[in-house]
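Architecture at a glance
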Amino acid sequence: MELSHRITRINDGGSDGWDLFRKARRMIASGVPVVELTIGEHDIRTDPRILDAMDRAARGGHTGYAAVAGTDALRAEIARRVAAQSGVATTPENVLVVSGGQAGLFMAHMAACERGDAALYIDPYYATYPGTLRAAGARAIAVAARPEHGFVPQAGDIEAAIDAAGGPVRSLLINSPNNPTGAVYDRAALERIGAVCERRDLWLISDEVYEGQVWEGAHLSPRALPGLAKRVLVVGSMSKGHAMTGSRVGWIVGPAEAIVALEDLATNMTYGLPGFIQDAALHALRLGPVFEAEIAAPFRRRREIARRLVAAQEVVRAVPMQGAMYALLDIRATGLSGEAFAEALLERERIAVMPGESFGQAARGHVRVALTVEDARLEAALARLLALAGELAEKRGP
């Protein structure tokens, strides 16, 4: 029996970008000590207060079917939080609770695109983006954001991609603060992007899961820009800001009529999230901005460690780390691709990082370092990474 093309073509015949991560995990499982700096997984677990709330809710009986769109209380709390952060009037009817940001991305594209429509996304990108768009039935088309522009997409490049698409283009996916680059899109950049979406009648899908991890500038949702709310779908999550990666709680915020339609999709896709997990998410959100700042603090601190070490040598350059929990390092002076350098680092130093090529061609010659181990261990690993880069650059010569 044959499987559907929808499934077998998710990765378009290539890698899904996670090969080195899987190799590192196999080494760890076999007993090899590897410093794993690959994925955005906190080095702390979910706060006990949140787990206690989850336990109380489950033992209190909230283990049956919950409202598909999310509990009234959780939708209202998300709406209150979004309104406070964005300045845009937001009601529970603008909110759909979904099973994590990844599901939110898939569902948003199912809503925006007919089968065969083109969906644009920015390169460098989070590794699942093109597969998610293909799984939703869209043609995934990358728009390069280049290093010389701070990895911020340019309006002209977006327009050129639309003109070259060879068919209907229905959506543009952006991510700020950005994974993997750390770029934070400022108001001017978002206004230019929004103007293209208005001019070319695109849905703008905004992945904002790192909104609480901004080290330079300020987070601005494109939904807050004049005239854009009607065409913006925001994807948010409890994973990064509340260290709840395994709980799989996210949301889509958008026009009320879009949320009604997306609820129909949720009914036929997940039938909602467990009520006791939603209650835990509600408790987590009510811990407020002080708690979120505590979760973000280690990454702000480790960013400074990375900046200090990189500044003390001349081979590796760091892309400005404006937000998120990563450092994107330019290792082109070694003469190696990101993939080759990451392989050498894993084999020689037992340090696992993600090749830039896992996130698209615009990040080739880079590696992404997750700032997700305790400070001293991270500093030692970065020192070894930089030493290896220096050695390889010296062998290469001028």
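Chains are numbered independently. Their residues run from 1 in the order of the written sequence. In keeping with the predicted nature of the model, local features appear solely for residues at pLDDT of at least 70, side-chain atom pairs appear and are counted solely at 80 or more, and the whole-chain, interface and lining totals rest on all residues. Just so you know, side-chain values use all the structure's heavy atoms and leave hydrogens and water out.

**Re the sheet that holds strand S13 (residues 366-370)**
Spatially, 4 strands are ordered S9-S10-S13-S12 in an open sheet, and the strand pairing comes out antiparallel. Where the open sheet ends on each side, the last strands, each with one partner, are strand S9 (317-318) and strand S12 (354-355). Paired strands, as defined in this entry, are two strands with at least two bridges between them according to DSSP. Segments assigned H or I by DSSP are reported as helices when at least four residues long, segments assigned E as strands when at least two residues long, and all are numbered from the N terminus. Where S9 meets strand S10 (residues 326-330), 2 bridges bridge the pair, whose relative direction is antiparallel. Looking across to S10, one finds that Arg-317 is bridged to Asp-330.

**Some words on the pairing of strand S4 (residues 139-144)**
Across 6 bridges, strand S3 (residues 118-123) lies against S4 in parallel orientation. Each bridged residue has a counterpart across the sheet, and for Leu-120 the counterpart in S4 is Ile-141. Once you follow S3 into helix H6 (residues 129-135) and on to S4, the crossover reads as right-handed. For crossovers, right-handed means that the path from the first strand over the helix to the second runs clockwise, given strands pointing away from the viewer.

**Notes on helix H3 (residues 48-59)**
To estimate how far a helix should extend, the number of its residues minus one is multiplied by 1.5 Å. Between the first and last C-alpha of H3 there are 16 Å, a value that for 12 residues agrees with the 16 Å anticipated at 1.5 Å per step. Contacts between residues were defined by any pair of non-hydrogen atoms, one from each residue, lying within 4.5 Å. Against helix H9 (239-242), helix H11 (275-286) and helix H12 (288-311) lie the buried residues of H3. Polar contact is the term for a pair of N or O atoms within 3.5 Å; when the atoms are in protein, one must be able to donate a hydrogen and the other to accept it, and sequence-neighboring residues count only if both atoms are side-chain atoms. Sitting at the amino-terminal end of H3 is Asp-47, which places a side-chain oxygen 2.8 Å from the backbone nitrogen of Arg-49. A positive phi of about 105 degrees marks Gly-61, the residue just after H3.

**Considering the pattern of salt bridges**
A carboxyl oxygen of Asp or Glu within 4 Å of a side-chain nitrogen of Lys or Arg is what we treat as a salt bridge. Within this structure, the stated rule accounts for 32 salt bridges. Linking Arg-134 and Asp-12 is a salt bridge whose minimum nitrogen-to-oxygen distance equals 4.0 Å. With Arg-134 in helix H6 and Asp-12 in the loop between helix H1 (5-8) and helix H2 (19-29), this pair connects stretches of sequence that are 122 residues apart. For each residue, the accessible area found with a 1.4 Å probe, counting protein chains only, is set against the maximum for its type, and the residue is called buried under 20%, exposed over 50%, and partly exposed in between. By relative accessible area, Arg-134 is classed as partly exposed at 22%. Residue class for Asp-12 comes out exposed when judged on its relative accessible area of 57%. Note that Lys-23 and Glu-343 form a salt bridge whose closest N and O atoms lie 2.8 Å from each other. Of this pair, Lys-23 sits in helix H2 while Glu-343 sits in helix H13 (residues 338-349), and the two are 320 residues apart along the sequence. On the basis of relative accessible area, Lys-23 is assigned to the partly exposed category, the value being 22%.

Geometric values such as these leave the question of function open.
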